[in-house]
Structures are given as structure tokens and as C-alpha cells.
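Structure assessment
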Amino acid sequence: MNLFRLCQAEYRYQDGTRAVEGMDLTVEPGRFYGIVGPNGSGKSTLLDLLLGYKEPVSGEALFRDRPIASWRRRDLAREIALVPQEFALTFPFSVEEIVFMGRYPHIPRFGTPGQRDREVVARIMEQTGIRPYRDRSITELSGGEKQRAVIARALAQEANVLLLDEATSNLDIKHGLQLLHLVRERQKLHGATVVSVFHDLNQALRFCDELIFLKQGRL
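So, here is what we can say about the structure in this document. (Residues numbered from 1 in each chain as written. Predicted model: local features only at pLDDT ≥ 70, side-chain atom pairs only at ≥ 80, totals over all residues. Heavy atoms only, no water.)

A separate point is the environment of Leu49. The residue Leu49 is located in helix α1 (residues 43–51) in this model. Expressed as a C-alpha distance, the spacing of Leu49 and Ala69, which sit 20 residues apart in the sequence, is 9.8 Å. (Helix = DSSP H or I, 4+ residues; strand = E, 2+ residues; numbered from the N terminus.)

See the structure below:
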């Protein structure tokens, strides 16, 4: 069964500009896909269509053979984790609280984190190198440290699908490669599916099984 499928999907901005045009795309489970292309080619819009943040003005966007719009957001959160290109927070949550947000889809409503949730959060914080910052406010971190916390939140979701929108663009080479190796490990050991927007073509070639090239909203 296909994981994601776009069928002649088209998306336009409010001014009528086409961001994605007539796109047919199939994403199979268990593979690492890289999306590459020049600025304005529709890379982030494509991720938004897959996630259901945007709905095509024509055509279809399906997840597990169902229209993505028909899924409950909580159910999707158990299936799909997103690392956005920009993450803005003005409330001073601690780094640990940010990572715990990744566990919310697994915690019953009005429930509290259990032992497994705490174990997952501790392990992911250790793997991403942010455990020393766990009590610091997210608003006090550098851009790179904040991005690592956001990636840790997504990994803590333990979702079957990871969508990354230039997730390592704010990181130095060392931490960028470390986190891509963690994502690749999740894919190889646990069968996760990864769809990632890349700015660096060399990184895309190094980590991906397949590349999706975009130009002016078209494959």
C-alpha cells in the first residue's frame, strides 16, 4: 500500500500564483526521500500538502489511501511528525517541556506522562545532545540549539513518518550530520519513512534513497 499519493494535485496562493501544479507523486513506506530544487519551486508547499496543512485546489492528496483532510489531527500526530523550517515560541517553555510535546499524541486526554514517556524523552535528549539544556527556557537558546530541541520533539513522537523542512539548515556541520544519522537510523532500524527538504544536494545524495526534483511547482 502506498503511504502518500498526490493525484494531479494543484495548489495556488491567494494571488493566483501556482505553487504546485499537476503533481503526481507516490511515497512508499520505509524509504528516505529528499526534496530538492531552487527557492520558490514548491518544496515546502509539497510538504504542507502531504501533511494536510494545505488542501489542493484540484486533484487529491491521500494518506494511506484516504484523503488527508479526512484524518483527525490527533490520529495524524501518531502517524506523522514534522520538523518545520521555522519554529517560533514566545512562551518560555523549558527544553524538556518542548520535547515532551512530542509525546502528547500518546498520552490520554487529561492524562500525565508515564514511565515510558519519560524514558523516551530522556533517551532522545541524550541522543540529540540537548540533555544539558533540559531546564533552560527555549527562548534563551541559540538558533541551532532551538532547532535541535524541535528535532528532538519530532523524534520523541515515535511516528512512522518524519517530514523535515530543511531541518538542519540552522545547524553546524557536526550537529547536522549527527541528526541526519539519527533520522537515517530510525528509518533503517524501525522502518520509518522520511521525506525531507534539502538545501544541500551533497547531504541529500548521502542520506536519501530517492530524490524528488522540483522546478516551478512541477516534478
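Considered as a void within the structure, the largest pocket measures approximately 270 Å³ in volume. Lining the largest pocket we find 13 residues, and of these Tyr53, Ala77, Ile80, Leu82 and Gln157 sit closest to its centre. Elements supplying a minimum of two residues to the lining of the largest pocket: α2 (73–79) and β6 (80–83). A per-class count over the lining of the largest pocket returns nine nonpolar, two polar and two charged. (1 Å grid on protein atoms, 1.4 Å probe; cavity = no way out; pocket = protein on both sides within 12 Å on 5 of 7 lines; lining within 4 Å. Points joined across faces, edges and corners; volume = space filled by probe spheres on them. Nonpolar A, V, L, I, M, F, W, Y, C, P; charged D, E, K, R; others polar.)

What follows covers the pattern of salt bridges. Per the stated rule, a full pass over the model turns up 16 salt bridges. When the shortest N-O distance is used, the salt bridge between Asp48 and Lys54 registers 2.8 Å. In this structure, Arg116 engages Glu158 in a salt bridge whose closest nitrogen and oxygen atoms are separated by 2.6 Å. Note that Arg116 is positioned in helix α4 (residues 115–127) and Glu158 in the loop between α5 (143–156) and β7 (161–165), a separation of 42 residues in sequence. The structure contains a network of salt bridges with shared partners spanning Glu10, Arg12, Arg18, Glu21 and Arg218. (Salt bridge = Lys/Arg side-chain N within 4 Å of Asp/Glu carboxyl O.)

Time to look at the sheet that holds strand β5 (residues 66–67). The strand order across the open sheet formed by four strands is β2-β1-β4-β5, and the pairing between neighbours is antiparallel. Each having just a single partner strand, β2 (18–27) and β5 make up the two edges of the open sheet. As judged from the six bridges shared by strand β1 (residues 4–12) and β2, these two strands associate in the antiparallel manner. Paired with Arg5 across the strands is Thr26, a residue of β2. Across the sheet, α1 lies against β1, β2 and β4 (58–63), angled at about 55° from β2, the strand it touches most. (Pairing = 2+ DSSP bridges. Contact = heavy atoms within 4.5 Å. Axes fitted to C-alpha atoms, helices over the stretch in contact; angles between N-to-C directions.)

On to a nonpolar patch on the surface, then. On the surface, a nonpolar cluster with roughly 310 Å² of combined accessible area is contributed by Leu201, Leu205 and Phe213. With respect to the helices and strands, the residue Leu205 is situated in helix α7 (residues 201–207). (Patch = residues over 30% accessible without salt bridge, like charges linked within 9 Å, V, L, I, M, F, W, Y side chains within 5 Å. Areas by Shrake-Rupley, 256 points an atom, 1.4 Å probe, with all protein chains shown as cover.)

If you check helix α6 (residues 173–190), its first and last C-alpha atoms are 25 Å apart, about what 18 residues at 1.5 Å a residue would give, namely 26 Å. What α6 keeps buried is the set His175, Gly176, Leu179, Leu180, Leu182, Val183, Arg184, Arg186 and Gln187. Those residues of α6 that are buried lie in contact with β3 (32–36), α4, α5, β7, β8 (193–197) and α7. One or two residues past the end of α6 sits Gly191, with phi positive at roughly 70°. (Expected span 1.5 Å × (residues − 1). Buried < 20%, exposed > 50% of the residue type's maximum accessible area, 1.4 Å probe, protein only.)

All right, on to the packing of aromatic side chains then. One pass over the structure, following the stated rule, counts five aromatic pairs. An angle of 40° between the planes, with centres 5.0 Å apart, marks the rings of Phe4 and Phe63 as tilted. On the criterion of sequence distance, the pair formed by Phe4 in strand β1 and Phe63 in strand β4 is long-range, its members being 59 residues apart. Classification of Phe4 as buried rests on a relative accessible area of 1%. Accessibility expressed as a relative area gives 0% for Phe63, which makes it buried. Aromatic pair Tyr11 and Tyr13: ring centres 6.1 Å apart, planes at 90°, arrangement edge-to-face. Using a relative accessible area of 16% as the deciding quantity, one classes Tyr11 as buried. (Phe/Tyr/Trp six-rings, centres within 6.5 Å; stacked < 30°, edge-to-face > 60°.)

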